[in-house]
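# Results of the structural survey
Below are the chains, spelled out letter by letter.
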Amino acid sequence: MKILLTYSFSSLATYIHNLLAELITNSLLLQVTEMVILGVSLIAFLVVLCFFLGYMERKVAAFMEIRLGPNRVGPKGSMQIVADTLKLLLKEGLTPDSADKFLFNLAPVIMVIGSMMVIAPIAFAKDFQLYDINIGVLYVSAVSSLGVIGILMAGWSSNNKYSLLGAMRSGAQIVSYELSVGLSLISIVVLSGSLSLGDIVRSQENGWWIIKGHIPVIISFVIFIIASTAEINRAPFDMAEAEQELTGGFHTEYAGMKFAMFLLSEYINLFVVSAVAATLFLGGWMPFHIGGLDGFNHIMDFIPSSVWFFSKTFLIIFIIMQFRWTFPRLRVDQLLTLEWKYLLPISMVNVILVTVMAIMGWHF
Amino acid sequence: MGSSALILLLLCGIAFAGAGILLSLAVAKTKKNAQKGETYECGIPTTGTSWIQFNVGYYLFALIFLVFDVELVFMYPWATVVKEIGMPALFEILVFMFILFMGLLYAWKKGALEWK
């Protein structure tokens, strides 16, 4: 019971470790067992997360369009997404005769791996991080761009014109917007002086960067949200799927569980992007602190760190989901104009502004 | 949890995607016929393959991207130390960014950023 009261994941991990150490004496076997437990719980967490995001997406869509959304299967329609998953599981996973069969079947696996690997450096709560890589920010931006390989692979191997068009569009789009994402990440690296996500969270102990860094950081936050919406192929930047013109884009030929894998990796990417935005700009698991006001800070510490992290992340997810029903889809030329003629020059100038501010000490 | 976390996540990804697809192979009813194997295209038989030449515009953007991505890689180590070094570091990156910005303006002027 003491574990539950301290809200600490590390004490839970120690508890489980000690419990297992009593049962299993062989150290190698112990390590393998722990790895399996961690792996299974990670997969379970991601599946539950994707179910929840799928449900949330429908409910947000319904909320934006003033209708009810799913409300038949289970309480408030919450089992709808489980029913959908079962349906996808029972569908025949077709491979077209003219497709490149090896790449066609490899692409969904690559997509899932690419989006799962990014979870590693994210701090879910205080002392709860899989691996605090010292180049965390670089790792996140490098691994999250692996997804484009999966998309191009899927589009090319399908041997379908719609798929190929969708994949090429998405290739051009993702690589373009990666620049703005990178530059807005760099502005926070400049301020905190570290690439490790753990250090960046700790640097926000006396206030989140979006408050401490005022206008330049707010600009880079907005750029990050816009560009990362484009990077995870969500509306209004869903050129790669564009149901109305490309009948599904790069995953036109996919059916059943292979299609579900694309959906799943899209939701994991959505979560990861929002989590990174929450970590860098809104302080991650760090409670709302104001430098100097110790009493106030102490009251804020009573709210568990995981609650802070997840509420910030889901706030950003909610905003990104609202984009989908707020803006019409962009054309290819508008998309590239927005990035190359607006976001990229603005974010380049913004990095210089942030640097001047950091050196002069103009931030709080 | 050290770097083994990365291997663990990799294995998790493979296991999860593999298990999902294999499970669906095991439980889904499969009945193959000639129509199901056709390429999907509005209900009419597709003409030719899709593995052909297409718009060069995508490659142009990929090339410009490559230049700026290299810039970004240089900026990561710079960003971690700029606060300690101060003004000299800022001046040096300004020269670097100025040259790249000229490159962007050149591409802009030449019309490489227009979608045709």
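Residues numbered from 1 in each chain as written. Chains lettered and ligands numbered in written order. Predicted model: local features only at pLDDT ≥ 70, side-chain atom pairs only at ≥ 80, totals over all residues.

### Some remarks on the overall build of chain A
In terms of helices and strands, chain A carries 16 helices and 2 strands. Taken against the 2.2 N^0.38 rule, which gives 21 Å for 364 residues, the C-alpha radius of gyration of chain A at 22 Å falls within 12% of a compact globule. Oriented by its inertia axes, the alpha-carbon framework of chain A measures out at about 65 × 60 × 45 Å. In chain A, which comprises 364 residues, the proportion classed as buried is 48%. (Helix = DSSP H or I, 4+ residues; strand = E, 2+ residues; numbered from the N terminus. Rg over C-alpha atoms; globule rule 2.2 N^0.38 Å. Buried ≥ 20, exposed ≤ 12 C-beta atoms within 10 Å, placed from the backbone.)

### Let's talk about the packing of helix α3 (residues 27–64) of chain A against helix α15 (residues 305–326) of chain A
Residues and elements named next belong to chain A. The geometry of α3 relative to α15 is characterised by a closest axis approach of 10 Å and an angle of 55° between their N-to-C directions. As judged from the angle between their axes, α3 and α15 are oblique. For α3 against α15, the interelement crossing comes out right-handed. Where α3 approaches α15, its residues Met56, Glu57, Val60, Ala61 and Met64 are matched on the opposing element by Phe318, Met321, Gln322 and Trp325. For the contact of α3 with α15, a count of residues per class yields 7 nonpolar, 1 polar and 1 charged. (Axes fitted to C-alpha atoms, helices over the stretch in contact; angles between N-to-C directions. Parallel < 35°, antiparallel > 145°, perpendicular 65-115°, else oblique. Left-handed = near helix turned anticlockwise from the far one by under 90°. Contact = placed C-beta atoms within 7 Å. Nonpolar A, V, L, I, M, F, W, Y, C, P; charged D, E, K, R; others polar.)

### Let's talk about the packing of helix α8 (residues 161–192) of chain A against helix α11 (residues 214–231) of chain A
All names here are of chain A. Orientation of α8 relative to α11, taken along the N-to-C sense of each, is 155°, at an axis distance of 8 Å. When the axes of α8 and α11 are compared, the pair comes out roughly antiparallel. The element α8 and its partner α11 pack so that their crossing is left-handed. Along its contact with α8, which presents Gln173, Ile174, Tyr177, Glu178, Ser180, Val181, Ser184 and Ser187, the element α11 presents Pro216, Val217, Ser220, Ile223, Phe224, Ala227, Ser228, Ala230 and Glu231. Along the lines of polarity and charge, the residues of the contact of α8 with α11 split into 9 nonpolar, 6 polar and 2 charged.

### Examining the domain arrangement of chain A
You'll often see interface size given as the accessible area lost when the parts meet. Residues and elements named next belong to chain A. The domains assigned to chain A are domain 1 (9–90) and domain 2 (98–360). Here domain 1 and domain 2 have C-alpha centroids that lie 21 Å from each other. Listed by partner, the interface residues are 16 residues for domain 1 and 17 residues for domain 2. The greatest single-element share of the side of domain 1 that touches domain 2, amounting to 10 residues, is contributed by α3. (Domains from an automatic or database assignment.)

### Quick word on the confidence of the model for chain B
All names here are of chain B. Chain-level statistics for chain B give a pLDDT mean of 83 and a share of 99% at 70 or above. Ranking the helices and strands of chain B by mean pLDDT puts helix α3 (residues 87–109) first, with 87, and helix α2 (residues 57–85) last, with 85. In the predicted assembly, ipTM is 0.87 and pTM is 0.90. (pLDDT = per-residue confidence, 0-100.)

### Observations regarding the confidence of the model for chain A
When the pLDDT values of chain A are averaged, the result is 84; 96% of them are 70 or greater. Across residues 1–6 of chain A, where pLDDT falls below 50, the model places 4 contacts with residues more than four positions away in sequence or in other chains.

### A look at unusual backbone geometry
All names here are of chain A. One non-glycine residue with positive phi stands out, namely isoleucine 66, at about 50°. Relative to the assigned elements, isoleucine 66 resides in the loop between α3 and α4 (80–90). One non-glycine residue, lysine 76, lies in the positive phi region at around 55°. Mapped onto the fold, lysine 76 is located in the loop between α3 and α4.

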